[in-house]
Amino acid sequence: MKTGIVALLTDFGLSDHYVGVVKSVILARAPHVQIVDISHGVSPQNIDQAGYLVWASYKYFPEGTIFVCVVDPGVGSHRRIICAAGHGYVFLAPDNGLLKYVFGEIKHPEVYAVTEKKYFLKNVSKTFHGRDVFASVAGFLASGLEPSKLGKRITERIPSERFAAIGPTRKEVKGRIIHVDRFGNLITNVQPRITQGRPGKRIPFLKHFSVQIYSTQKIINHLYATYDDAPDNDPFMVLGSSGLLEISIKSGSAAAVLGVGPGERITLFRKD
Amino acid sequence: MKTGIVALLTDFGLSDHYVGVVKSVILARAPHVQIVDISHGVSPQNIDQAGYLVWASYKYFPEGTIFVCVVDPGVGSHRRIICAAGHGYVFLAPDNGLLKYVFGEIKHPEVYAVTEKKYFLKNVSKTFHGRDVFASVAGFLASGLEPSKLGKRITERIPSERFAAIGPTRKEVKGRIIHVDRFGNLITNVQPRITQGRPGKRIPFLKHFSVQIYSTQKIINHLYATYDDAPDNDPFMVLGSSGLLEISIKSGSAAAVLGVGPGERITLFRKD
Amino acid sequence: MKTGIVALLTDFGLSDHYVGVVKSVILARAPHVQIVDISHGVSPQNIDQAGYLVWASYKYFPEGTIFVCVVDPGVGSHRRIICAAGHGYVFLAPDNGLLKYVFGEIKHPEVYAVTEKKYFLKNVSKTFHGRDVFASVAGFLASGLEPSKLGKRITERIPSERFAAIGPTRKEVKGRIIHVDRFGNLITNVQPRITQGRPGKRIPFLKHFSVQIYSTQKIINHLYATYDDAPDNDPFMVLGSSGLLEISIKSGSAAAVLGVGPGERITLFRKD
């Protein structure tokens with residue numbers, strides 16, 4: 001019988017055997033677990049993007065889910081691997097900022113350094129800890145191991161990041177593009193506060209704002225509730241499905257039309 | 001214990017978290033279900049292609065399978081979501097033509113409008129009904145909910161489409177390319193009638209036909225039973241694995257060599 | 001209850017319905033099996049690459065795993081399909097060399113010709129044996145069928161290939177690039193003998209070697225243990241996670257910078 005879910009997020013892509021081997025190591029230790037792919041298409045070594053994707057996903061999984069997040073440019077070096085428990089979830093990731101948005105939301109997680117070699121594969125390579133450390137540890141966790149068995153408790157604060165807040169009384173807020181999705185939607189790190197945890201909530205104050213893209217100076221004035229409401233070929237703001245502000249174009253790619261991508265700076269400002 | 005299969009077909013791609021989150025919502029409601037991806041690589045908002053893919057797939061799944069098909073340009077608008085039951089299968093899709101080929105084959109499906117909000121997520125976003133409506137409803141269906149509980153029965157006929165028939169006595173048939181696969185094979189909507197449900201069946205009359213591509217006027221004369229039989233670098237007709245006529249090139253991409261894609265019109269005509 | 005794992009390796013890609021349909025046929029016969037994708041991104045009809053991927057993966061799966069490998073340019077022709085059992089694993093593949101590296105490692109496998117039509121789908125197409133033969137047979141194997149029931153035992157030796165050995169006493173070894181991974185790492189067929197089955201093992205003698213790329217005459221002199229140790233933008237040798245020699249660039253694609261790909265010849269030679 002399935003005893004739980006392990007969710008995977010990596011930059012391994014799907015053309016190699018890397019993801020399949022990670023799954024084989026997990027299943028060898030926890031044969032009845034459900035493995036769910038969040039994504040393996042994170043841009044190679046893009047920690048910020050991975051941070052957004054795990055944050056936007058975790059809250060929809062049932063309690064008890066174990067998240068294995070491997071975007072790990074420091075693999076084989078002395079960077080730390082951490083296991084964090086909070087809100088009923090368990091997260092396994094390199095200590096490189098990948099969990100910063102999750103830690104901005106989960107209060108007082110228990111965090112452990114992952115150092116107990118007996119839960120790793122016998123021969124740990126220098127270049128594939130996703131298989132030799134993360135997958136093996138995840139398999140043990142999925143079959144009941146307590147995170148506290150993995151190593152010492154970390155008591156210092158792990159870096160966290162909150163999204164740029166915007167509310168009815170703000171005049172201006174600076175932010176950036178943190179992800180471009182398959183449809184070319186530009187996901188920003190700007191979070192209308194009233195929408196927290198309520199993605200269907202109306203945000204009437206947002207129609208008084210425009211957004212300017214830094215590198216091209218382009219200003220976008222319109223806000224629509226759905227893609228269907230918007231005219232063709234004209235970029236607009238929309239409250240995205242994660243509760244963050246997005247810039248979109250109906251039936252097209254905002255990223256391609258506006259010529260911008262992840263990291264781009266933006267400014268939201270009141271029109272009146 | 002696994003209690004059934006939910007099969008997914010979307011245009012969400014695999015680089016974002018969208019598919020993973022859909023699965024998390026399903027598994028939160030039906031922990032022991034098997035989730036099978038048909039494809040998430042449908043071209044953004046290409047309803048015709050999605051219609052072909054679900055039609056070519058559904059009959060190989062065991063009875064009881066629930067198909068969740070989300071190619072949904074009208075998301076957040078007043079377009080209807082439908083749940084159709086027939087031949088032992090259940091289909092969940094926007095009412096936008098996505099199921100037209102399935103409805104061309106399944107006689108008298110029971111169709112319901114999906115309106116009962118108690119089976120949706122609590123906060124329904126305007127832009128991600130795949131998660132907030134489709135996945136949640138699929139989770140309830142997979143754990144035993146009857147389709148009739150989802151909303152009112154729809155009694156008017158839902159649009160269906162049959163493939164362009166060709167048989168030994170036809171002189172000419174007009175059709176179109178409905179899909180280009182990974183190998184560059186051009187799948188047409190022309191269905192030699194004798195092959196229905198019998199993809200291994202021989203179709204001797206087809207060798208009397210040629211196919212002409214509309215935009216380039218190119219004519220293809222040869223028919224082969226297997227890729228191996230064909231010469232290199234010469235486009236030919238082949239009876240595809242779904243029982244539809246395909247245009248292929250051995251060890252190459254017919255789409256690239258012929259310079260055509262989905263939507264292209266074709267004419268089959270008798271040579272003699 | 002899950003009764004085992006079926007691992008899939010194909011060149012079908014993920015944009016079509018092909019992989020989903022293969023899974024549906026397996027699950028119709030073995031409802032509780034875990035299906036794991038090794039990769040479906042093998043370059044179309046690239047048997048050598050598929051051979052590397054299954055070899056690099058199989059040993060991490062638990063005993064009893066059934067590997068279904070379909071890279072099959074000869075589909076529909078008289079090429080043989082084989083089922084091999086050894087080291088507790090079962091492999092199903094066309095008899096086209098796909099399993100050559102596996103057979104280089106597994107001693108005395110039992111090999112059977114897959115000919116018993118009663119384990120195939122009723123209507124076998126000429127172009128999709130992945131569905132009609134491989135998936136159906138895999139479903140029967142996963143639900144307990146013995147490989148010996150599939151057809152006659154093959155007693156002649158099936159072609160195998162060992163990797164190019166390099167040890168402390170060698171002066172020179174010739175090899176080739178067999179795979180380029182998502183990160184642009186060039187995986188060679190050169191295997192430092194001391195590392196067999198021990199990917200974390202140190203290989204001090206390797207620092208006395210340089211590698212030359214045949215077509216560009218480019219020589220790479222440096223060896224690093226991890227990506228993190230290496231300087232930016234300078235190609236280097238690294239012992240890859242499968243125990244084969246790789247050529248990499250930190251924070252970049254060695255394939256792109258060096259302009260080489262699969263099939264490229266290389267020479268390893270002692271510097272002193």
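Treat the numbers as computed from the prediction; the structure is a model and nothing was measured.

Draft legend 1. Focus on the state of the cysteines. Enumeration according to the criterion identifies 0 disulfides over all chains in this entry. C69(A) provides the cysteine sulfur closest to C83(A), a residue in no disulfide bond, and the two sulfurs are 11 Å apart.

Draft legend 2. Layout of the packing of aromatic side chains. Inspection of the entire model under this criterion finds 48 aromatic pairs over all chains. Ring geometry for Y224(A) against F236(A): centres 5.5 Å apart, planes inclined by 80 degrees, an arrangement best described as edge-to-face. Taken together, the residues span a long stretch of sequence, with Y224(A) in the loop between β12 (219–220) and β13 (236–239) and F236(A) in strand β13 at a distance of 12 residues. The class for Y224(A) is partly exposed, based on a relative accessible area of 23%. Look at Y119(C) and F140(C): their rings are 5.1 Å apart centre to centre, the planes differ by 65 degrees, and that puts the pair in the edge-to-face class. One end of the pair, Y119(C), is in the loop between β6 (110–113) and α4 (129–142); the other, F140(C), is in helix α4, and 21 residues separate them in sequence. Residue Y119(C) is classed as buried on the basis of its relative accessible area of 12%. Joined through ring pairs, the aromatic side chains of Y58(A), F61(A), F67(A), Y89(A) and F91(A) make up one cluster. Sitting over the face of the ring of Y214(A), R265(A) holds its NZ or CZ atom 4.0 Å from the ring centroid.

Draft legend 3. Focus on helix α1 (residues 18–29) of chain A. All names here are of chain A. Taking 1.5 Å of rise per residue, the 12 residues of α1 would be expected to cover 16 Å, and the 17 Å separating its terminal C-alpha atoms lies within 8% of that figure. With 10 of 12 residues buried, α1 lies mostly within the body of the structure. Of the positions making up α1, those classed as buried are Y18, V19, G20, V21, V22, K23, S24, V25, I26 and L27.

Draft legend 4. Structural detail: the pairing of strand β2 (residues 34–39) of chain B. All names here are of chain B. Of all the 6 residues making up β2, 5 are buried; the element is thus mostly covered by neighbouring parts of the structure. Bridge count for strand β1 (residues 5–10) against β2 is 5 bridges, and the pairing is parallel. Bridge pairing in β2 places L8 opposite D37. Each parallel crossover has a hand, and for β1 linked through helix α1 (residues 18–29) to β2 it is right-handed.

Draft legend 5. Quick peek at the interface of chain A and chain B. Contact residues are listed per partner, giving 38 residues for chain A and 39 residues for chain B. Carbon and sulfur atoms make up 59% of the area that chain A and chain B hide from each other, which totals about 2800 Å². Ranking the residues of chain A by area buried against chain B places Y60(A), R182(A) and F183(A) at the top, with a combined share of 24%. Viewed at the interface, chain B and chain A are joined by 0 salt bridges. Our enumeration of links across chain A and chain B arrives at 12 residue pairs in polar contact (both at pLDDT 80 or more). Breaking the side of chain A that touches chain B down by element, the ones donating at least two residues are β2 (34–39), α2 (47–58), β8 (172–180) and β13 of chain A. It is β2(A) that provides the largest number of residues to the side of chain A that touches chain B, a total of 5 residues. Its residues placed into classes, the side of chain A that touches chain B shows 19 nonpolar, 13 polar and 6 charged.

Draft legend 6. Geometry of the relation of the copies chain A and chain C. When chain A is brought onto chain C, the operation consists of a screw motion whose angular component is 120 degrees and whose axial shift is 0.0 Å, with 0.0 Å RMSD remaining. Overall, the copies show the geometry of a three-fold rotation axis. Comparing interface residues between copies, only 13% of those in chain A also lie at the interface in chain C; the contact surfaces differ.

Draft legend 7. Representation of the sheet that holds strand β12 (residues 219–220) of chain B within the structure. Residue and element names in this part refer to chain B. Sheet architecture is open: 7 strands sit in the order β12-β11-β15-β8-β9-β14-β13, paired in antiparallel fashion. Each of the sheet's edge strands pairs with one partner strand only, and the pair in question is β12 and β13 (236–239). The pairing of strand β11 (residues 209–213) with β12 spans 2 bridges and is antiparallel. If you follow V211 over to β12, its bridge partner there is I220. Here helix α2 (residues 47–58) sits on the sheet in contact with β8 (172–180) and β9 (186–188), set at roughly 95 degrees to β8.

Draft legend 8. Unusual backbone geometry, seen in detail. You will see that Q45(B), though not glycine, has its phi angle at about 65 degrees, which is positive. Here N233(C), not a glycine, exhibits a phi torsion of approximately 65 degrees, which is positive.

Draft legend 9. Summary view of the relation of the copies chain A and chain B. Take chain A, turn it by 120 degrees, move it 0.0 Å along the axis, and it overlays chain B with an RMSD of 0.0 Å. Interface residue correspondence from chain A to chain B reaches only 13%, placing this contact among heterologous pairings that use different surfaces.

Draft legend 10. Structural detail: the side chain of R79(C). All names here are of chain C. Here R79 lies in the loop between β3 (66–70) and β4 (81–86). Side chain to side chain, R79 and H129 meet in a polar contact 3.1 Å long. When near neighbours in sequence (up to four residues on either side) are disregarded, R79 contacts D72, G74, P94, H129 and F134.

Draft legend 11. Local environment of the interface of chain A and chain C. Taken together, the contact pairs 39 residues of chain A with 38 residues of chain C. When chain A packs against chain C, close to 2800 Å² is buried across both sides, 59% of that on carbon and sulfur atoms. One can count 0 salt bridges joining chain A with chain C. Remark: the boundary between chain A and chain C carries 12 residue pairs in polar contact (both at pLDDT 80 or more). No other element matches the 8 residues that α1(A) contributes to the side of chain A that touches chain C.

Basis of the calculations
- Residues numbered from 1 in each chain as written.
- Chains lettered and ligands numbered in written order.
- Predicted model: local features only at pLDDT ≥ 70, side-chain atom pairs only at ≥ 80, totals over all residues.
- Heavy atoms only, no water.
- Disulfide = S-S within 2.5 Å.
- Phe/Tyr/Trp six-rings, centres within 6.5 Å; stacked < 30°, edge-to-face > 60°.
- Helix = DSSP H or I, 4+ residues; strand = E, 2+ residues; numbered from the N terminus.
- Buried < 20%, exposed > 50% of the residue type's maximum accessible area, 1.4 Å probe, protein only.
- Lys NZ or Arg CZ within 6 Å of the ring centre and 35° of its normal.
- Expected span 1.5 Å × (residues − 1).
- Pairing = 2+ DSSP bridges.
- Right-handed = clockwise from strand over helix to strand, strands pointing away.
- Contact = heavy atoms within 4.5 Å.
- Buried area = accessible area lost by both parts, 1.4 Å probe.
- Salt bridge = Lys/Arg side-chain N within 4 Å of Asp/Glu carboxyl O.
- Polar contact = N/O pair within 3.5 Å; in protein donor to acceptor, adjacent residues only side chain to side chain.
- Nonpolar A, V, L, I, M, F, W, Y, C, P; charged D, E, K, R; others polar.
- Least-squares fit on C-alpha atoms with pLDDT ≥ 70 in both.
- Axes fitted to C-alpha atoms, helices over the stretch in contact; angles between N-to-C directions.

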